[in-house]
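# Structural features, examined
Letter by letter, the chains look like this.
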2 protein chains.
Amino acid sequence: MRDEIRQQPAALERTLRLEHRAFESLRRRLASNPPRTIVLAARGTSDNAAQFGRYLLEITTGIPVSLAAPSISTLYGGRLRVRDLLVVAISQSGESTDTNVVIERARQGGALTVGITNEPRSSLAGLAEHTFLVHAGREKSVAATKTYTAQLLLLYLLAYALGAGIRLDDLRRLPEWAAAALKLEQEIAERAGRFRFMEQTVVVGRGLNYSNAFEFALKLMETCYVVAERFSSADFLHGPIAMVERAFPVFLFAPPGVTWASIKEMRQKLVQLKAETLLFTDASNREAASMDRSRVIKVPARLSTKGPLPVEIYTPIPYIIPGQLLAASLAEEKGLDPDRPRTLTKVTRTL
Amino acid sequence: MRDEIRQQPAALERTLRLEHRAFESLRRRLASNPPRTIVLAARGTSDNAAQFGRYLLEITTGIPVSLAAPSISTLYGGRLRVRDLLVVAISQSGESTDTNVVIERARQGGALTVGITNEPRSSLAGLAEHTFLVHAGREKSVAATKTYTAQLLLLYLLAYALGAGIRLDDLRRLPEWAAAALKLEQEIAERAGRFRFMEQTVVVGRGLNYSNAFEFALKLMETCYVVAERFSSADFLHGPIAMVERAFPVFLFAPPGVTWASIKEMRQKLVQLKAETLLFTDASNREAASMDRSRVIKVPARLSTKGPLPVEIYTPIPYIIPGQLLAASLAEEKGLDPDRPRTLTKVTRTL
């Protein structure tokens, strides 16, 4: 897991270099015929990437996005009216039976279909009309890391193909920003011991970093066996915050930009409740970056960007990396092997 | 909370009687102009109702449904392309700022807008073109119960208005089925003590009962301060199941029909892991109903229905009631007041 976390700058660079041209042809096709709705289908870590795609695509294109419930196709035999839809399946192995059923039905029904996978010879690559590949090398750890960030990169490219204002020059900086996040490895290894006896937690994220709350919580569940809930700050206030008592640990993704006010307010509320908070942020969120250092993990780079897009649009990839590192270090502190979580296998087939 | 749980048969009967005609006019309008996509916007318990609506509407109408991410409108200023969309906001108070912003923008953009609320004079009722009312009487407990089931009923009526094969005669049986579930009150009060020291749990549901997993988990978080995760059986297998060890408590919604095979398989896997399982089922799922009685809570009625719709289509309302009762009893066992959870207020305003 740790090796694969470290490979991310190279995997991002390679994926961008080898795939960006393929998106140009999709971009031309979509320009004349934009989809009326986008459906994203995935499971597990890939579903967390889809959650990111949902925010990214709705914010930057205005096209409504739905996260597919595969059981509607696989169990209920539901036939979605898919004409004029763009249906995207995301699967590391390309062998998730349920998401493949969604893509197969969608293509039969006349939708434009896209597959995002690591495996050029997978079933998904054969089923989807357009396939885009994660060039991250084989992922051996059961806990996915480098495929998640490469999937995020391909979703930026999909937004680009849909005419959103994503600039390829900005995407080319992602490997460097991921490398900046990796500089935290030693610091995080030293700080992980504090959570040795943590058994439950909540991870809070909002907007473009909401998916990171899911993904960091999933890493904690898979590799550290911590019962990790995940909420947007708004949903957390609508009930679950009642769980929080003295010393309850809450992790918060705290990028600059429009979500900061609500994350900051949430943090203040948690501090009043005597909960223990830890913020993931970067040098460009000055207010968060200047808080009590023991309550902040700060990516040592300025990640905010200028222009019409949200300033934090490129934070999700560098922000998940400290989360991955913390999960890997905490698993070691707890005497667990993060590469071989109990009960799990790398390819999970569900219907 | 307990009083309001008991009021559900009457609230369902009243809501159906007073609202079904209003859906006839919506039905006529939709017949000539069906929406291309449906967007459901809600927070908290109402968002769990929306999750049910998502499955119900996609399964029965084939129209893609998206659960709105309100922050895309409220924080990012995103402008969804809403023409030909049906946008539905669900809010007990009708004063959730964020879902109201979604409805307001949607109506300005040309979408057909529907509000589902308890309050005829709320902001939501003024903003939506069509408003349907929950006639459950004032809900005083912070933990919503009767408004959730009445919202589910109104979503069945919305499916009816969209031309799905929902029969009003079947809906008229819902109060009786809710009353059957209430017969479990004494049994559940006696069994709640077993969970006195439960601090964390997972609730599993699938398909039409997936939303009940969210709702039961939310009740456990709000009223018992139990850290309660919720997953579909498929998502649970993709990682989080690694958390499960000896004696880990897992609740499963186990209706008859197409989801039973995967729930049964999940239960077997959990039994192998020596986890403690408890199934919510009814007399019509013969296999589940005949399992070890200490591991089953069985609604004493046959809830499966015949016809082209899924056999378990009317189980969600009677199935959540034992969950509500268990949360109320467990809060008492833990010495907590389920009507006044710490930190929460009845109306939560978020952006």
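Our structure's up above, just so we're on the same page.
The following refers to the structure shown. Because the structure is a prediction, the values reported are computed rather than measured.

## Observations concerning the packing of aromatic side chains
Counted by the stated rule, this structure contains 26 aromatic pairs over all chains. Residues Phe216(A) and Phe253(A) carry aromatic rings whose centres are separated by 6.5 Å and whose planes lie at 90° to one another, so their mutual orientation is edge-to-face. Of this pair, Phe216(A) sits in helix α11 (residues 210-224) while Phe253(A) sits in strand β8 (residues 249-253), and the two are 37 residues apart along the sequence. According to the relative accessible area criterion, Phe216(A) is buried, its value standing at 0%. With centroids separated by 5.5 Å and ring planes inclined at 15°, the aromatic side chains of Phe231(B) and Phe236(B) adopt a geometry described as stacked. For the pair shown, Phe231(B) and Phe236(B) are each scored as buried. Through successive ring pairs, a cluster of aromatic residues spans Phe195(A), Phe216(A), Phe251(A), Phe253(A) and Phe280(A).

## Concerning the relation of the copies chain A and chain B
Superposition record for chain A on chain B: RMSD 0.0 Å, screw rotation 180°, translation along axis 0.0 Å. Within this description, the copies of the chain are treated as partners about a two-fold rotation axis. Closest approach to the rotation axis among the C-alpha atoms of chain A is made by Ser66(A), whose C-alpha sits 2.2 Å away. Mapped onto chain B, 100% of the interface residues of chain A are again interface residues, and the two copies thus contact each other with one and the same surface.

## Focus: the side chain of Glu222(B)
With respect to the element layout, Glu222(B) can be found in helix α11 (residues 210-224). Within polar-contact distance, the side chain of Glu222(B) engages the side chain of Lys219(B) at 3.3 Å. If we skip the residues at most four places from it in the chain, Glu222(B) touches His238(A), Gly239(A), Ala242(A), Ala143(B), Pro341(B) and Leu344(B).

Cut-offs and rules
Residues numbered from 1 in each chain as written. Chains lettered and ligands numbered in written order. Predicted model: local features only at pLDDT ≥ 70, side-chain atom pairs only at ≥ 80, totals over all residues. Heavy atoms only, no water. Phe/Tyr/Trp six-rings, centres within 6.5 Å; stacked < 30°, edge-to-face > 60°. Helix = DSSP H or I, 4+ residues; strand = E, 2+ residues; numbered from the N terminus. Buried < 20%, exposed > 50% of the residue type's maximum accessible area, 1.4 Å probe, protein only. Least-squares fit on C-alpha atoms with pLDDT ≥ 70 in both. Contact = heavy atoms within 4.5 Å. Polar contact = N/O pair within 3.5 Å; in protein donor to acceptor, adjacent residues only side chain to side chain.

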